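# Structural description and commentary
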Amino acid sequence: EVGVSIPTVNDLAIYESKSLRDAMQCLDENASGVCFVVNQNYILKGVLTDGDIRRCLLGGFSLQTLIEDVVSEEYVVLNCETPANEIRKLLDRRIKYIPLIDHQGILVDYASFNRIHRFQVMEPLLNGNELEYVMECVRTNWISSQGKFVTQFENKFSEFLGVPYSLAVSNGTSALHLALLSLGIGPGDEVLVPDLTFAASINSIIYTGATPVLVDVSMDDWTIDIQDLKNKITKNTKAIMPVHLYGHPCKMDEIMEIAGDEIYVVEDCAESLGATYGGQQTGSFGNAGTFSFFGNKIITTGEGGMVVFKDEEMFLRAKRLRDHGMNPSKRYWHDMVGYNYRLTNLQAAVGCAQMERVDNFIFKKKEMARTYAESLGDCEAVILPPEASVVESVYWLYTIQIKSSSGLSRDEIVNKLLMNGIETRPVFYPLHQMPIYQKYSGNGRYPNSCAISECGLSLPSAVTLTDENIKWIGDSLKNLIKLRA
């Protein structure tokens, strides 16, 4: 996204003496779906949209037709001194760009959604009790890792997930590291991890001294492929790390059956809080489950994480490792080399407030997915995100695939949507493609993770989006594709 800029008024302007072919090129370059038609003195003469051009061509006009012969004179225009609140009242799904003129009728600027509001991929919602609880920490001086909110947060999380033990930690990566350490994972052990995931998954394995073994993902749900998983189990396999990618649960019944009693399962649930497989929460299947509360996750504490256990002994070991390896009954006596992976009371206070609304956040995520599916379902160049019949995804990021028939590459679409004030994200790179992880690929092939990564695109997915926002984003994407088709 570096170097991408919002189009200027000159990028959207075209002289009335130009042809429809020139207008199509202008539309393609500005990615806005509209041109402002001006005369030689830059006086606004009309507006031309991609829809107008299609209707002209269907009506018998040719690409050589001059714009002045077909330009629409029915359009919304405002004076450049119009207050912003008046402009906002006029911008909607139908009117996305408004030309602004001076008192002589000269085109001087334009207004659009992206000049008033930019749609980010994610943003937190912190309008509950977050501030009140944080202020309580400040008033009582309980701001570090000691304080009532840490315990309350852990208890609320256990209750929500249906697990007996939850341990609040400094971030999702430390949660993964502690989970592996508490299970005794170390040098000589192999841990199977999907090739398509964020780097924290594989990094946490490397921290322990164990060897990551990369496994391809399945095209039907983008999570760890069961057959490739079976093929890569050896006598040294100590654990499997299924990653519930983009909020879609892995095939946990099959994974647990493969693991049996001999192989540990550590679920990476950084993106899947609230997702279920067969009605059961992700994170509650394996020997340990880990969660992230980074600012873009389902709930947030700014930075932060949680690791959950079924076994008390593993939980107590992780708790001691989190607190510098200190003996809980003998202060400043260290029985093991530990870490400072503690969550502060300030962060936990935010977490408690977020947990009060977690059900609503999850509901909004599913509603977001439903609205996107309705908006994009008729677009043949887009593949909607998967959702298996036995799962309920939480659609952490609503992530689609762009077909080659779109006429645009994924990266071109990223750039053109950004020009319209719509921020997006490409899918993660496969781990095996990065030089620092290539030695863990075993010279294997990972066709599915490559295919998904190359054409995957995450759309804005914040719970603050309205249905109207989502439909506008969907329309913007479809218009780009129609223009190129």
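The sections below set out a description of the structure shown in this document. (Residues numbered from 1 in each chain as written. Predicted model: local features only at pLDDT ≥ 70, side-chain atom pairs only at ≥ 80, totals over all residues. Heavy atoms only, no water.)

### Examining empty space enclosed by the protein
This structure, assessed with the given rule, holds three cavities of 30 Å³ or more. Considering only enclosed or pocket space, the largest cavity measures out at about 110 Å³ in volume. Lining the largest cavity are 15 residues, and of these Glu123, Pro124, Lys297, Ile298 and Val463 sit closest to its centre. When its residues are assigned to classes, the lining of the largest cavity shows eight nonpolar, four polar and three charged. A class-by-class count of the residues in the lining of the second largest cavity yields eight nonpolar, three polar and no charged. (1 Å grid on protein atoms, 1.4 Å probe; cavity = no way out; pocket = protein on both sides within 12 Å on 5 of 7 lines; lining within 4 Å. Points joined across faces, edges and corners; volume = space filled by probe spheres on them. Nonpolar A, V, L, I, M, F, W, Y, C, P; charged D, E, K, R; others polar.)

### Some remarks on the layout of surface pockets
Empty space among the atoms becomes visible once a probe the size of a water molecule is rolled across them. Considered as a void within the structure, the largest pocket measures approximately 770 Å³ in volume. Lining the largest pocket we find 27 residues, and of these Gln146, Lys319, Arg322, Asp323 and Arg342 sit closest to its centre. Of all the elements in the fold, those that place two or more residues in the lining of the largest pocket are α6 (148-161), β7 (165-169) and α11 (312-322). Residue contributions to the lining of the largest pocket peak at six residues, all from α11. (Helix = DSSP H or I, 4+ residues; strand = E, 2+ residues; numbered from the N terminus.)

### Describing the sheet that holds strand β3 (residues 44-49)
One open sheet holds the three strands; their spatial order is β1-β2-β3, and the pairing between them is mixed. Among the strands making up the open sheet, the edge pair consists of β1 (13-15) and β3. The sheet shows a mean angle of 35° between the axes of neighbouring strands, taken without regard to direction. Relative to β3, strand β2 (residues 34-38) runs antiparallel, the two being bridged by five bridges. By the bridge assignment, cysteine 35 is partnered in β3 with leucine 48. Here helix α2 (residues 20-30) sits on the sheet in contact with β1, β2 and β3, set at roughly 130° to β2. (Pairing = 2+ DSSP bridges. Axes fitted to C-alpha atoms, helices over the stretch in contact; angles between N-to-C directions. Contact = heavy atoms within 4.5 Å.)

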